[in-house]
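Report on the structure
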Amino acid sequence: MASSLTKDSATPGTPGSERTFFGHPRGLATLFMTEMWERFSYYGMKALLPLYLVAPGGLHLSAATATAIYSVYLSLVYLLALPGGWFADRVLGPRKTVAVAGVIIMLGHLTLALPSSGTFYGGLGLVAIGSGLLKANISTMVGHLYDGPDDPRRDGGFTLFYIGINVGAFAAPLVIGTVGENVNWHLGFALAALGMALGLAQYLLGGRHLNPRSHEVPTPLSAEEKAATLRKSALWAAVAVVFYCVVGFSGHYTLNWLLVPITIAGLIIPVLVIARIKRDKDLDRAEQSKMSAYIWFFVAAAVFWMIYDQGGSTMSIFADSSAENTIFGWEFPVSWYQSVNPVMIMALAPLFAWAWLALNKRGKEPSTATKFASGLILIGASFFLFLAPLTIAEGGHKAAAMWLVAIYFVQTVGELTLSPVGLSVTTKMAPAKYASQMMGVWFLAVTAGDATTGLLSIAEVDLNKTGIVALEATLAVIAGVAVWMYRKKVKELMGDVH
């Protein structure tokens, strides 16, 4: 990291003479490295998870159950981003919340590293809680490093931060996946814990370079609110403990008693949150109109993520059993497929950013609705492409690795037309009253999509069959065509947002 820190040639003490990180505030180096190591631990564990769940040396579950657990886990991570943001805003502030999150994530990975199926789900829960606390707040601290939204360095800073995410995501399957698959599953999970420990150490040692605003609790709870929150939390925790004790001691407990409630919550909570904001009488007519338009984008994103996140479950399990995972005769671990997307993101994201600017200068940049429609059609096309290796496997042959690489490529192009655009339009269309909460609302689209996949898997739907894959692909394309057909209506509802 030291080599990437530069110092202006100006006289010490003059403005601009402080050490920087590629021309950005030095605190960005701290957050860059923290997020890189956190993503290293998260994506490494995620790459191993579905393979461990189905492996004879792992939990040896069915593909449907493994996909359900994986999908419900992802759904929970994004669902918890909303209370994670609330916790920082009302209780600890972003800086302390991220430190606590790092400790919880590390403990979660260490729990996963224990060779016991009894502790495995507890470890997943800890990682989900920690990730929810961290995800909502570390980006907020990146924003704190700059002088408001008009700081010309701001977009570049977030771009550097995004690179850190993808560097960690790219390296993780290559290191953690290789060790987990070829040496020992639990040693792989332990490496994920080590990655988070390095990130946490980086964060604590470099904390002095962060903006003091990150210490602040924006809207702290009053004493009465704290007491009421603790009472309600204790009540709901007691209800859950009593319920699961009764189910467990009566001999009726199965994994579905845990998966089904989380899945249903993942579907219902996003609807309730959107409905509550939409019904808020404090919103003026323009804000109400923008929220009506936002519902289109939210539903489109949920359909997109429902298919996209199966790249780590359905497709990974297929690759494990039915793909020829070799290049030029050299066999590689199945988890390495999860490095394809981040390396493609790093290669293609600058091209997309350049293309949007070039088209904008010519007055030809596609509208947000058109970009969303393109993303949906591309994610649908990726699953139509998936039908080819599925058909090859049904014929008793192993599908070539390049089929899967091609699918990940199409999905990555789709992601770049929808995900960054969705983040941007969320900040632009957020009602003033909900400005700080709307990013959590955007994450709920991922929750809804993954919860849908989880529900299908719990219902024992085999997501590796050509019929269901074709149905999902068709649904995405139809949704994309619908968004495109109604793009003018959506644009009207968006008002002054472009």
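Use the structure listed above.
Attention in this report is confined to the structure presented alongside it.

1. A closer look at the overall build of the chain
For the chain, the helix and strand inventory stands at 17 helices and seven strands. Buried positions account for 50% of the 498 residues belonging to the chain. Look at the contacts in the chain between residues 6 or more apart in sequence, and 80% of them connect residues 24 or more apart. Summing over all exposed atoms, the chain offers an accessible surface of approximately 22,400 Å²; the carbon and sulfur share of this is 67%. Here the chain contributes 34 positive and 30 negative side-chain charges, whose respective centroids are spaced 6 Å apart.

2. Here we look at the layout of surface pockets
Taken as a whole, the second largest pocket holds about 180 Å³ of empty space. Contributing to the lining of the second largest pocket are Leu 174, Ile 327, Trp 330, Phe 332, Trp 336, Tyr 337, Val 340, Met 344, Ala 401, Met 402 and Val 405. Counting residues per element, the lining of the second largest pocket draws most heavily on helix α14 (residues 401-429), which supplies three residues. Grouping the constituent residues of the lining of the second largest pocket by class yields 11 nonpolar, no polar and no charged.

3. With respect to the pattern of salt bridges
In the structure shown here, the tally under the stated rule is three salt bridges. One salt bridge connects Arg 39 with Glu 38, and the closest N-O pair in it is separated by 2.7 Å. Judged by relative accessible area, which is 3%, Arg 39 ranks as buried. Glu 38 sits in the buried class, given a relative accessible area of 0%. Where Glu 225 meets Arg 90, a salt bridge forms, and the shortest distance between an N and an O atom there is 3.0 Å.

4. With respect to the nonpolar core
Formed by 99 residues in total, the largest nonpolar core has its most connected members in Tyr 73 and Leu 404. Per-element accounting of this core gives the leading share, 13 residues, to helix α10 (residues 285-308). Look past the residues within four positions of Tyr 73 in its chain and what remains in contact with it is Tyr 42, Met 45, Leu 49, Leu 124, Val 127 and Ala 128. Core analysis: the next-biggest nonpolar cluster, separate from the first, contains 27 residues, Leu 31, Met 106, Tyr 146 and Leu 160 among them.

5. Considering helix α15 (residues 438-458)
Given 3.6 residues per turn, any residue in an α-helix points the same way as the ones three and four places further on. For α15, spanning 21 residues, the distance from its first C-alpha to its last is 30 Å, which sits close to the expected 30 Å at 1.5 Å a residue. Taking burial as the measure, the 21 residues of α15 include 17 buried ones, the bulk of the element. Taken from the residues just after α15, Glu 460 is the one with a positive phi, measuring 65 degrees.

6. Notes on a nonpolar patch on the surface
Together, Ile 377, Val 481, Trp 484, Met 485 and Tyr 486 make up an exposed nonpolar region whose accessible area comes to about 500 Å². It is helix α16 (residues 466-485) that contributes the most residues to the nonpolar patch, three residues altogether. Inspection of the secondary structure puts Tyr 486 in the loop between α16 and α17 (487-494). Under the relative-accessibility criterion, Tyr 486 is labelled partly exposed at 45%.

7. Examining helix α4 (residues 94-112)
Taking 1.5 Å of rise per residue, 19 residues should cover 27 Å, and α4 covers 27 Å from first to last C-alpha, within 8% of that figure. Counting buried positions along α4 gives 14 out of 19 residues, so the element sits mostly inside the fold.

8. Points about the environment of Ile 478
Assignment of secondary structure puts Ile 478 in helix α16. Distance in space between the C-alpha atoms of Ile 478 and Ile 377 is 7.9 Å, their sequence separation being 101 residues.

9. Some points on the packing of aromatic side chains
Tallying each qualifying case throughout the model produces 26 aromatic pairs. Each ring, one from Tyr 52 and one from Phe 120, has its centre 5.2 Å from the other, and the planes form 35 degrees; the classification is tilted. Of this pair, Tyr 52 sits in helix α1 (residues 27-54) while Phe 120 sits in helix α5 (residues 117-144), placing them 68 residues apart in sequence. Pair check on accessibility: Tyr 52 and Phe 120 agree, each one buried. Each residue in the set Tyr 52, Phe 120, Tyr 121, Trp 185 and Phe 189 is aromatic and connected to the rest through ring pairs, giving one cluster. A cation over an aromatic ring shows up here: Lys 371 above the ring of Trp 356, its NZ or CZ 4.2 Å from the ring centre.

Calculation rules
- Residues numbered from 1 in each chain as written.
- Predicted model: local features only at pLDDT ≥ 70, side-chain atom pairs only at ≥ 80, totals over all residues.
- Heavy atoms only, no water.
- Helix = DSSP H or I, 4+ residues; strand = E, 2+ residues; numbered from the N terminus.
- Buried < 20%, exposed > 50% of the residue type's maximum accessible area, 1.4 Å probe, protein only.
- Contact = heavy atoms within 4.5 Å.
- Areas by Shrake-Rupley, 256 points an atom, 1.4 Å probe, with all protein chains shown as cover.
- Lys, Arg positive; Asp, Glu negative; His and termini not counted.
- Charge placed at Lys NZ, Arg CZ, Asp CG, Glu CD.
- 1 Å grid on protein atoms, 1.4 Å probe; cavity = no way out; pocket = protein on both sides within 12 Å on 5 of 7 lines; lining within 4 Å.
- Points joined across faces, edges and corners; volume = space filled by probe spheres on them.
- Nonpolar A, V, L, I, M, F, W, Y, C, P; charged D, E, K, R; others polar.
- Salt bridge = Lys/Arg side-chain N within 4 Å of Asp/Glu carboxyl O.
- Core = buried A, V, L, I, M, F, W, Y, C linked by side-chain atoms within 4.5 Å.
- Expected span 1.5 Å × (residues − 1).
- Patch = residues over 30% accessible without salt bridge, like charges linked within 9 Å, V, L, I, M, F, W, Y side chains within 5 Å.
- Phe/Tyr/Trp six-rings, centres within 6.5 Å; stacked < 30°, edge-to-face > 60°.
- Lys NZ or Arg CZ within 6 Å of the ring centre and 35° of its normal.

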